[in-house]
Amino acid sequence: MKDNLKRVIVDFKKLTPEILALLVEKYPDGYDDAHIISFRNLKNELIEAVEVTTEDTKYLVKVSSTLAVTMENYDEDDYEDFDDDDPDAVQPPDEDIAD
């Protein structure tokens, strides 16, 4: 079967609640090296990403420590006041939180 999905590379800054929810659903325990896809972009930079798919789009979400922490701390209630496609909804975790 031919893959006719639109492919979109997503940086953390462009991550939406919908894509984050898909990631958490697909990788409930987080992702590991086996899930990471490496490829070169048009600038020949090595990109590492994890893949999630909707009906019409394959999202390649760039992996980062920020993404991993955000997925670990995911709570869908945090996003109920935002649209599913709002890239401003998902904010990086606060690095300054003291234990």
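For the structure, see preceding data.
This one's a predicted model, so the numbers in the text were calculated from it and none came from an experiment. (Residues numbered from 1 in each chain as written. Predicted model: local features only at pLDDT ≥ 70, side-chain atom pairs only at ≥ 80, totals over all residues. Heavy atoms only, no water.)

Student: Any chance you could break down the overall build of the protein for me, citing the residues and the numbers?
Tutor: Helix and strand counts for the protein stand at two helices and four strands. Each helix (α) and strand (β) of the protein, taken in turn from the N terminus, gives the series β-α-β-β-β-α. Compactness check: the protein gives a C-alpha radius of gyration of 14 Å against a globular reference of 13 Å for 99 residues, within 12% of the reference. When the backbone C-alpha atoms are referred to their principal axes, the protein occupies close to 45 × 25 × 25 Å. Relative to its full complement of 99 residues, the protein shows a buried share of 30%. (Helix = DSSP H or I, 4+ residues; strand = E, 2+ residues; numbered from the N terminus. Rg over C-alpha atoms; globule rule 2.2 N^0.38 Å. Buried < 20%, exposed > 50% of the residue type's maximum accessible area, 1.4 Å probe, protein only.)

Student: Just give me the short version of the nonpolar core, but keep the residues and values in it.
Tutor: A general tendency of soluble globular proteins is for nonpolar side chains to be buried together. Within the largest apolar cluster, 18 residues are counted, with the highest numbers of intra-cluster contacts made by L15, I19, L23, V61, L67 and M71. Elements represented by at least two residues in this core include exactly α1 (17-26), β3 (46-53), β4 (57-62) and α2 (65-72). It is α1 that contributes the most residues to this core, four residues altogether. Beyond its immediate sequence surroundings of up to four residues, M71 is in contact with L20, L23, V24, Y27 and Y31. (Core = buried A, V, L, I, M, F, W, Y, C linked by side-chain atoms within 4.5 Å. Contact = heavy atoms within 4.5 Å.)

Student: Outline the side chain of T57, supporting the account with residue identities and numerical values.
Tutor: You can see T57 is positioned in strand β4. Overall, T57 belongs to the buried group, its relative accessible area being 2%. Looking at T57, its side chain comes within polar contact range of the side chain of D56, at 3.0 Å. Other than its neighbours up to four places away in sequence, T57 contacts L5, K6, V8 and V52. (Polar contact = N/O pair within 3.5 Å; in protein donor to acceptor, adjacent residues only side chain to side chain.)

Student: Provide a residue-level description of unusual backbone geometry, including the pertinent values.
Tutor: Negative phi is the rule for most residues except glycine; trans is the rule for most peptide bonds. Not every positive phi belongs to a glycine, and N44 is a case in point at roughly 65°. Its place among the elements puts N44 in the loop between β2 (37-40) and β3.

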